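# Fold and contact review
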Amino acid sequence: MNGDSKTPGPNSSDEEKLIFIQANIVSFVTQYQLPIIEVALVVSKYVKILTNSLIENAEANQEVVPDSLLESKRVSDASVNPIIAEFPLESLMGMVDEDRMDILDTILRTSINKTEIAFPKVISILRDWEHITREQLAKATSPGHLFSPLEIPDGF
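## Thoughts on the overall build of the protein
Helix and strand counts for the protein come out as seven helices and zero strands. Its C-alpha atoms give the protein a radius of gyration of 17 Å, near enough to 15 Å, the size a compact globule of 156 residues would have. Seen through its principal axes, the protein has C-alpha atoms that stretch 45 × 40 × 30 Å. Counted over contacts in the protein with a minimum sequence separation of 6, partners at least 24 positions apart contribute 80%.

Structure follows, in structure tokens:
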């Protein structure tokens, strides 16, 4: 461990780093009962940033990023709700708590930077978060459901 005994440093195992990042996200999301939409927006932002960085680096080194990192996990077709496409996007975006999202953003960024974990490892965690948020978003039957607290599965 490096410096703070709770924060794994660059020389810590990947497992320690991943547990640290996951624990920080779970703790914040649970403590502040973050709405599904807010978690989804922050996770989506980081997936995009990290995958774009991997793609650029791979292209510069004439390598290929595996599809498993680039593709989202599929949400079962049975849970997809077409009503969500009808929700008023602009007014929904005006209702998100940007301060809360900024805190989650900061938690993610500082956790990634402090641990110096490889981007593919972080993307694997974020893909799991993306999957649970997409499943819950797909079940929304009204705009209010998007602002329900994200339900984190036991043992996640």
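## Considerations on helix α5 (residues 98-115)
Helix length check: α5 (18 residues) gives 26 Å between terminal C-alpha atoms against 26 Å at 1.5 Å per residue, within 8%. Burial in α5 covers these residues: M101, L104, D105, I107, L108, S111, I112 and T115. Down the axis of α5, the sector holding all buried residues measures 155°, keeping them to one side. Exposed side of α5, more than 90 degrees from the buried face: E98, D99 and N113 are the residues found there. Contacts made by the buried residues of α5 are with α1 (14-31), α2 (36-60) and α6 (119-138). Backbone nitrogen of D99 and a side-chain oxygen of the N-cap are separated by 3.1 Å at the start of α5; the cap is D97. Immediately downstream of α5, the backbone of E116 shows phi near 55°, a positive value.

## Examining the packing of α1 against α6
A pair of packed helices is characterised by two quantities: the angle between their axes and the separation of those axes. Relative orientation of the contacting elements α1 and α6 amounts to 35°, with a least axis distance of 10 Å. For the element pair α1 and α6, the recorded crossing hand is right-handed. In this structure, α1 uses D14, L18, I21, Q22, I25, V26 and V29 to contact α6, whose residues at the interface are K121, V122, I125 and W129. Within the contact of α1 with α6, the residues separate by chemical class into eight nonpolar, one polar and two charged.

Reading guide: rules and limits
Residues numbered from 1 in each chain as written. Predicted model: local features only at pLDDT ≥ 70, side-chain atom pairs only at ≥ 80, totals over all residues. Heavy atoms only, no water. Helix = DSSP H or I, 4+ residues; strand = E, 2+ residues; numbered from the N terminus. Rg over C-alpha atoms; globule rule 2.2 N^0.38 Å. Contact = heavy atoms within 4.5 Å. Expected span 1.5 Å × (residues − 1). Buried < 20%, exposed > 50% of the residue type's maximum accessible area, 1.4 Å probe, protein only. Arc of directions from axis to C-beta. Polar contact = N/O pair within 3.5 Å; in protein donor to acceptor, adjacent residues only side chain to side chain. Axes fitted to C-alpha atoms, helices over the stretch in contact; angles between N-to-C directions. Left-handed = near helix turned anticlockwise from the far one by under 90°. Nonpolar A, V, L, I, M, F, W, Y, C, P; charged D, E, K, R; others polar.

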